[in-house]
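# A look at the structure
One letter stands for each residue in the lines below.
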Amino acid sequence: DIMNNFVKDSVSQTPIVDTVFAIVNRAKEAKKALGPEAVTDATIGSLFTEAGELAALDCVFDSLKHLDNKVLASYAAGFTGNPDFREKVIDWVLDGNSHLYREVIATPGGTGAVAMTIQECLDPGQTVVLPEIAWGSYSLMAQMNNLETETYELFDGDHFHIESLKAACRKTMEKQDKLVVVINDPCHNPTGYSMTRKEWEQVIDFLNECSRRCPVVLLNDIAYIDFAYGQKEAKKYFSVFDDISGNMAVVVAFSLSKSMTSYGMRCGAAILIAKEPQIVQQLKTMFEKDARATWSNVNNGAMAMFVDVLDNHLADYDAQRLAYVDLLKQRSELFLKEAGAAGLKHYPYKEGFFVTLAMDNSLRDRYHEALMEEHIYTVKVNKGIRVAICSMPLEKVRGLARRMKDILDRVQAA
């Protein structure tokens, strides 16, 4: 077919189906038709206020609006981002917990950091190791770069499935002489799990072992870290990265979208960490060229805002963010308590924006439809149903688990 020749043959031309967007629209239509009180919308993956509006931290946007127009209009100082921004990212994210060589590359959101790693560390035809329950874009990025994927199960009972990760890595190393492993932690999207320090130690021990066979890149996606319930405590595990071998690198993908509630400003960072300076340098050179060739420049105003907020408005920023962390905690505790009482099964949740109900995909599909018939709108993920407690006021959370369990019982009985 002559049509195929306009784009590369190696990637599927099936249109992207934004399942979330479709469901979000169905929820919107239902709210218009029935009134908002008759609808439970658990689809939106952003932080919302108790009044049902997008949460945008005042101190962040006040800072942005007070920047000089010329700052907002200008290019960044370089393709890797502004020096003060890169410095601030290290201070804020690593918080003194990691002491290896590191460099920072500014990226358009956390997505830019993840995409860059997946496309620059592997050659077409190679395999990336992903969690089987995950943000859908990981596998789309793999597909667009002609990569295969190998997945690991996340849970063995109520804890991280280290054996499944090991199996996926070993299988991948039989085929190629490079390992790129994605771990989304803490506040995993979409289950809300966070690994213990001991689990992280097991992962690093194992990857060090793998690094005797081939170079290893660990991509740690920390998009939600600034909403972890332990806050500074949640960043302590970075010190485990100091134990990586000389044939390993860690890329930490940081997102201002979540941390600064500035989703649309598209700013984030890739933090490159290794024992050997030449590894960091090699990654930095490649990432810098990729940045130049893909987006050229990251939002200067967003970088300036991040620096200004942390330098001059830190107390306000902490107070405003922590108020939402507390709200998330209240919402998740209420949902989990009621889910426990109702016997509604979910993956182990510790913290974060989402709780995911556990079930196989065929039950999930039937259940998802049945929920929508009752005007409860959720998002389907692999092996589960994602409930976005981040965007639901407490009054909407109250009683929801019981209703969801009743509908599930009906579906299973049918």
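Presented here is an overview of the structure given in this document. What you are looking at is a predicted structure, and each value in this text was computed from that prediction instead of being measured.

## Details of the pattern of salt bridges
By the definition in use, this model includes 19 salt bridges. In this structure, lysine 405 and aspartate 409 form a salt bridge, with 2.7 Å as the shortest nitrogen-oxygen distance. Taken as a pair, lysine 405 and aspartate 409 lie in helix α15 (residues 400-413) at a separation of 4 residues, close to a single helical turn.

## Details of the state of the cysteines
For the coordinates displayed, the defined rule picks out 0 disulfides. Left unpaired, cysteine 121 is separated from the closest cysteine sulfur, that of cysteine 214, by 12 Å. According to the relative accessible area criterion, cysteine 121 is buried, its value standing at 7%. Looking at cysteine 187, it has no disulfide partner, and the nearest cysteine sulfur is the one in cysteine 390, 12 Å off. Take cysteine 187: its relative accessible area is 1%, and that puts it in the buried class.

## Topic: the sheet that holds strand β11 (residues 354-358)
The antiparallel open sheet is built from 3 strands, whose spatial order is β11-β14-β13. The sheet is open, and its two borders are formed by β11 and β13 (379-381), each paired with just one other strand. On average, adjacent strands in this sheet sit at an angle of 35 degrees to one another, irrespective of strand direction. Where β11 meets strand β14 (residues 384-388), 5 bridges bridge the pair, whose relative direction is antiparallel. When the bridges of β14 are listed, alanine 358 appears paired with glycine 384.

## Some words on the packing of helix α2 (residues 58-66) against helix α12 (residues 314-342)
For the pair α2 and α12, the least separation of the axes is 8 Å and the interaxial angle reads 140 degrees. Between α2 and α12, the crossing angle belongs to the class labelled oblique. Of α12, the residues touching α2 (which contributes Asp58, Cys59 and Val60) are Asp316, Tyr317 and Gln320. Here the residues of the contact of α2 with α12 sort into 3 nonpolar, 1 polar and 2 charged.

Definitions and limits used
Residues numbered from 1 in each chain as written. Predicted model: local features only at pLDDT ≥ 70, side-chain atom pairs only at ≥ 80, totals over all residues. Heavy atoms only, no water. Salt bridge = Lys/Arg side-chain N within 4 Å of Asp/Glu carboxyl O. Helix = DSSP H or I, 4+ residues; strand = E, 2+ residues; numbered from the N terminus. Disulfide = S-S within 2.5 Å. Buried < 20%, exposed > 50% of the residue type's maximum accessible area, 1.4 Å probe, protein only. Pairing = 2+ DSSP bridges. Axes fitted to C-alpha atoms, helices over the stretch in contact; angles between N-to-C directions. Parallel < 35°, antiparallel > 145°, perpendicular 65-115°, else oblique. Contact = heavy atoms within 4.5 Å. Nonpolar A, V, L, I, M, F, W, Y, C, P; charged D, E, K, R; others polar.

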